[in-house]
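So you can see what is in the structure, the chains are spelled out below.
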2 protein chains.
Amino acid sequence: MRRIVVALGGNALVRAGQRGTAEEQQANVDLTSRQLAELVACGYELVITHGNGPQVGNLLVKNELAREVVPAVPLHWCVAQTQATIGFMIQQSLGYEFERLGLSRVVATLVTRTEVSPHDPAWLDPTKPIGLYQPEERARAIMAATGQVWKPQGSRGWRRVVPSPEPVTIVDRQAIEQLISDGVIVVACGGGGIPVVRRPDGRYEGVEAVIDKDLAAALLARELEADMLLILTDVPNVILHYGTPEAQPLKRVTVSDLRRYQFEGHFAAGSMGPKVEAAIRFVDRHSGRCAVIAALEHARDAVEGRSGTHVVAD
Amino acid sequence: MRRIVVALGGNALVRAGQRGTAEEQQANVDLTSRQLAELVACGYELVITHGNGPQVGNLLVKNELAREVVPAVPLHWCVAQTQATIGFMIQQSLGYEFERLGLSRVVATLVTRTEVSPHDPAWLDPTKPIGLYQPEERARAIMAATGQVWKPQGSRGWRRVVPSPEPVTIVDRQAIEQLISDGVIVVACGGGGIPVVRRPDGRYEGVEAVIDKDLAAALLARELEADMLLILTDVPNVILHYGTPEAQPLKRVTVSDLRRYQFEGHFAAGSMGPKVEAAIRFVDRHSGRCAVIAALEHARDAVEGRSGTHVVAD
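In this numbering scheme, every chain counts its residues from 1 along its sequence in written order. Starting at A for chains and at 1 for ligands, labels are handed out in the order in which the entities are written. Only residues with pLDDT of at least 70 are given local features in this predicted model, and only at 80 or more are side-chain atom pairs given and counted; all residues enter the totals for whole chains, interfaces and linings. Side-chain numbers here rest on the full set of heavy atoms in the structure, without hydrogens or water.

**Focus on the overall build of chain A**
Note the threshold: Here a helix means four or more residues in a row that DSSP labels H or I, a strand means two or more in a row labelled E, and each is numbered from the N terminus. Only the C-alpha atoms count toward the radius of gyration. The rule for a globule is 2.2 Å times the residue count to the power 0.38. Relative accessibility decides the category of a residue: with a 1.4 Å probe and only protein chains considered, values under 20% of the type maximum give buried, values over 50% give exposed, and everything between is partly exposed. We call two residues contacting when some pair of their heavy atoms lies within 4.5 Å. Here the accessible surface of atoms and residues is derived via Shrake-Rupley with a 1.4 Å probe, and residues count as covered only by protein chains that are part of the display.
For chain A, the count of helices and strands is nine helices and 17 strands. At 19 Å, chain A has a C-alpha radius of gyration in line with the 20 Å of a compact globule built from 314 residues. Considering only C-alpha atoms, chain A reaches an extent of 55 × 45 × 45 Å along its principal axes. Across the 314 residues that make up chain A, the buried fraction comes to 59%. Considering only contacts in chain A between residues 6 or more positions apart, those separated by 24 or more positions represent 73%. With the model as given, the accessible surface of chain A reaches about 12,400 Å², and the carbon-plus-sulfur share is 49%.

**Quick word on the environment of Q91(B)**
Of note, Q91(B) is situated in helix α3 (residues 75-101). Placed 37 residues apart in sequence, Q91(B) and K128(B) show a C-alpha to C-alpha distance of 29 Å. If we ignore the near neighbours within four places in the chain, the residues touching Q91(B) are V111(A), R113(A), D172(A), V107(B), A108(B) and T109(B).

**Some remarks on the domain arrangement of chain A**
Residues and elements named next belong to chain A. What counts here: Each domain span listed reflects an automatic or database assignment of domains. Summed over both partners, the accessible area (1.4 Å probe) lost when two parts come together is defined as the buried area.
Its domain assignment divides chain A into domain 1 (3-113 + 166-312) and domain 2 (126-162). Taking the mean C-alpha position of each, domain 1 and domain 2 sit 26 Å from one another. Contacts between the two partners involve nine residues from domain 1 and, on the opposite side, eight residues from domain 2. For the pair domain 1 and domain 2, the summed buried area comes to about 670 Å², and 70% of that belongs to carbon and sulfur atoms.

**Brief notes about unusual backbone geometry**
Of note, the phi angle at C189(A) is positive, near 60 degrees, even though the residue is not glycine. With respect to the secondary-structure elements, C189(A) resides in the loop between β9 (185-187) and β10 (194-198). Since its relative accessible area comes to 1%, C189(A) is described here as buried. Backbone geometry at E225(B) places phi at a positive 50 degrees, although glycine is not the residue there. Within the fold, E225(B) resides in the loop between α6 (213-223) and β12 (228-233). Residue classification places E225(B) among the exposed positions, given a relative accessible area of 62%.

**Here we look at the interface of chain A and chain B**
Heads up, the rule is: When a carboxyl oxygen of Asp or Glu is within 4 Å of a side-chain nitrogen of Lys or Arg, the pair counts as a salt bridge. By the criterion applied in these results, polar contacts are pairs of N or O atoms within 3.5 Å in which, for protein atoms, one can donate a hydrogen and the other can accept it, and in which residues neighboring in sequence qualify only through two side-chain atoms. Gly counts as polar in this scheme, as do all residues outside two lists: the nonpolar Ala, Val, Leu, Ile, Met, Phe, Trp, Tyr, Cys and Pro, and the charged Asp, Glu, Lys and Arg.
On the side of chain B, 60 residues touch chain A, which itself brings 60 residues to the contact. Interface area for chain A against chain B, summed over the two sides, is near 4,900 Å², with a carbon-plus-sulfur share of 62%. Taken as a group, K62(A), W77(A) and R203(A) account for 15% of the area that chain A buries against chain B, more than any other trio of residues on that side. Along the contact surface separating chain A from chain B lie four salt bridges. A salt bridge links D30(B) to R203(A); the nearest nitrogen and oxygen atoms lie 2.8 Å apart. Put simply, chain A and chain B have 16 residue pairs in polar contact (both at pLDDT 80 or more) between them. Elements with a contribution of two residues or more to the side of chain A that touches chain B: α1 (22-41), α2 (53-66), α3 (75-101), β3 (107-109), α5 (173-181), β10 and β11 (204-206) of chain A. Taken together, the residues of the side of chain A that touches chain B break down into 29 nonpolar, 17 polar and 14 charged.

**Quick notes on the side chain of Q26(A)**
On the secondary structure map, Q26(A) appears in helix α1. Taking the relative accessible area as the measure of exposure, Q26(A) reaches 16% and is therefore buried. In this structure the side chain of Q26(A) is engaged in a polar contact, spanning 3.3 Å, whose partner is the backbone oxygen of M89(A). Sequence-distant contacts of Q26(A), that is, excluding residues within four places in its chain, are made with M89(A), Q92(A), S93(A) and R203(B).

**Some points on the sheet that holds strand β8 (residues 169-170) of chain B**
Residue and element names in this part refer to chain B. Put simply, the rule is: In this description, strands pair whenever DSSP reports at least two bridges between them.
Pairing in this open sheet of four strands is mixed, and the strands run β8-β4-β10-β11 from one edge to the other. At either margin of the open sheet sits one strand with a lone partner, and together these are β8 and β11 (204-206). Two elements, strand β4 (residues 113-115) and strand β10 (residues 194-198), share three bridges in a ladder whose sense is parallel. Bridge pairing in β10 links T114 to P195.

**Some words on the relation of the copies chain A and chain B**
This is how the line gets drawn: Each copy is superposed on the other by least squares, with the fit set by C-alpha atoms of residues at a pLDDT of at least 70 in both.
Each copy superposes on the other: chain A lies on chain B with an RMSD of 0.0 Å after a rotation of 180 degrees and an axial shift of 0.0 Å. A rotation of that kind, with that shift, is consistent with a two-fold axis. Across chain A, the smallest distance between a C-alpha and the rotation axis is recorded for Q81(A), namely 2.1 Å. Most of the interface of chain A is mirrored in chain B: 100% of its interface residues are interface residues there too.

**What about the packing of aromatic side chains?**
Rules: Pairing of aromatic side chains here covers Phe, Tyr and the six-membered ring of Trp, requires ring centres within 6.5 Å, and sorts the geometry by plane angle: under 30 degrees stacked, over 60 edge-to-face, intermediate tilted. Look at NZ for Lys and CZ for Arg. If either is within 6 Å of the ring centre and within 35 degrees of the ring normal, a charge sits over the ring.
Across all of its chains, the model carries zero aromatic pairs over all chains by this definition. Over the aromatic face of Y96(A) sits the side chain of R199(B), whose NZ or CZ is 5.9 Å from the ring centroid. Here the basic side chain of R260(B) rests over the ring of Y261(B), its NZ or CZ set 5.2 Å away from the ring centre.

**Looking at the confidence of the model for chain A**
Inclusion rule: The predictor's confidence in any single residue is recorded as pLDDT, a number from 0 to 100.
Of the residues in chain A, 100% reach a pLDDT of 70 or more, and the chain-wide mean stands at 95. ipTM for the predicted complex: 0.96, alongside a pTM of 0.96.

**Quick look at the sheet that holds strand β2 (residues 45-50) of chain A**
All names here are of chain A. To keep things clear, this is the line we draw: Note on geometry: axes are C-alpha line fits, over the in-contact stretch for helices, and angles between N-to-C directions span 0 to 180 degrees.
Sheet architecture is open: eight strands sit in the order β3-β9-β2-β1-β12-β16-β17-β15, paired in mixed fashion. The open sheet terminates on both sides in strands that have one partner only, identified here as β3 and β15 (252-254). Neighbouring strand axes in the sheet, compared pairwise and without regard to direction, differ in orientation by 20 degrees on average. With three bridges connecting them, β15 and strand β17 (residues 309-312) associate as parallel partners. When the bridges of β17 are listed, T254 appears paired with V312. Relative to the sheet, helix α6 (residues 213-223) contacts β1 (3-8), β2 and β12 (228-233), its axis offset from that of β1 by approximately 170 degrees.

Pasting the structure below:
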């Protein structure tokens, strides 16, 4: 059986223009789950991971607004919280799709920690904006009160920035593997995983950071020895010269060609950049592996080679 | 190997007088985990479940205070969120205890749904108070705006009340069992589980309720065919004539004697009542089963018969 790690982008959960109510998110997850159930029906073994940007943003806002009444919780707790709610939604709708298809499969959500290094250079330069935009004055007041770092983000104001260190290892890999080997569809490593560092005495400790969910998905796929990393997003292909008259979608590309395009600056840091980097890292020199970046609604066609950008070893 | 379902009471997480900061909760969980690690070291197979009252309360407060800025999430999402954060804390400290003891064991947290019936009489009479106290005027305004039910709770004001239906089945039992059979220590069914009803078309739907964590623990223990249900709380025994000069701790009691004491009104509804009911339901007529209600700090002595109230079949 072919093992696929599926990374769901933000659009699988909250669409542009939505506030992200529970009902909106569940409806989006329902659409996503139909695609995923089809893959399971085709005999693929799935591990599902997902982003959590808007959800973590909302939790941070709640933290701030309620700070005087109930204790604010650390950022890594917020990541944990989104793993549970998004995993729950996926279980609800994927379970239902299996029921409709007459498939007797179990879907489970695992709280997942991802180890990062305390020596990662990202700690020195927080770059990942999260949460609400605020006017400069308010942002400066929050910085003074909490020690958080906020930076100007163009015309919409200032935003909190946090480090985005490299994922080093999936701490809870073994539990994920046990469930997979029992035929369970696992939702894991949501939002890139709860970031933890390993102390010299062996204890893990949560840290104030967020891990890029595509890079974590690539790591997860490598650690699980998946055959495919399927990154589902809102565009059907990786595109060269994006947004220009020379725009050219990539159908099939080797790791070294993709690396060259990356060096040439074709991919935006906040959007296609990490997806391309994740695809490259997963495939690397492994001829048996394939990374696919495709539109959410083409999941099955993408897996079967009829859609998306397929990244293969040289 | 003897299988024990351990139900951790609120004091394992937030102590009297604490606000429930992340640091306070983690420190409490660390103490709890030392007890649990000892049981694992003794060769017992553990499944850990826990309450979440203060944590859900805090999330509801955040929901209310941020309602105008970000969408409030349903109560059952809040339950899911507490499963992740509490499970995470247990994984952090129990994993560390195993490391110190040289035990190579995996701890995993599963998001867990518990089915309730849409016909449960509890829907007609919400009784479980959750979240902040508010003055009557404010409570009435919230009721009018949201459709929530609030009720007077003595001198401290009004509080939201929600239904507390009977747990019918643990929806995610299979995943829990798979992990146990692979030797994993599982944290599951936190806060009684995310309450869901099964629609006629087979789809599960989250509902606005909370499930008693002790009753859910008893159900979990029955469904997992555990040998023991260990309910850890802040008192060393079940006590007859509690708070009077005739107070008498129970060391060993049969189900039918305990049922009689229950009818006689010895156990308070909000505290010892559900623990006693859970113990009775788990043991029932099974001579191979034992339920133990004991103090957190006596966990090992309780399992080995030297502490706590032991409930056995007639």
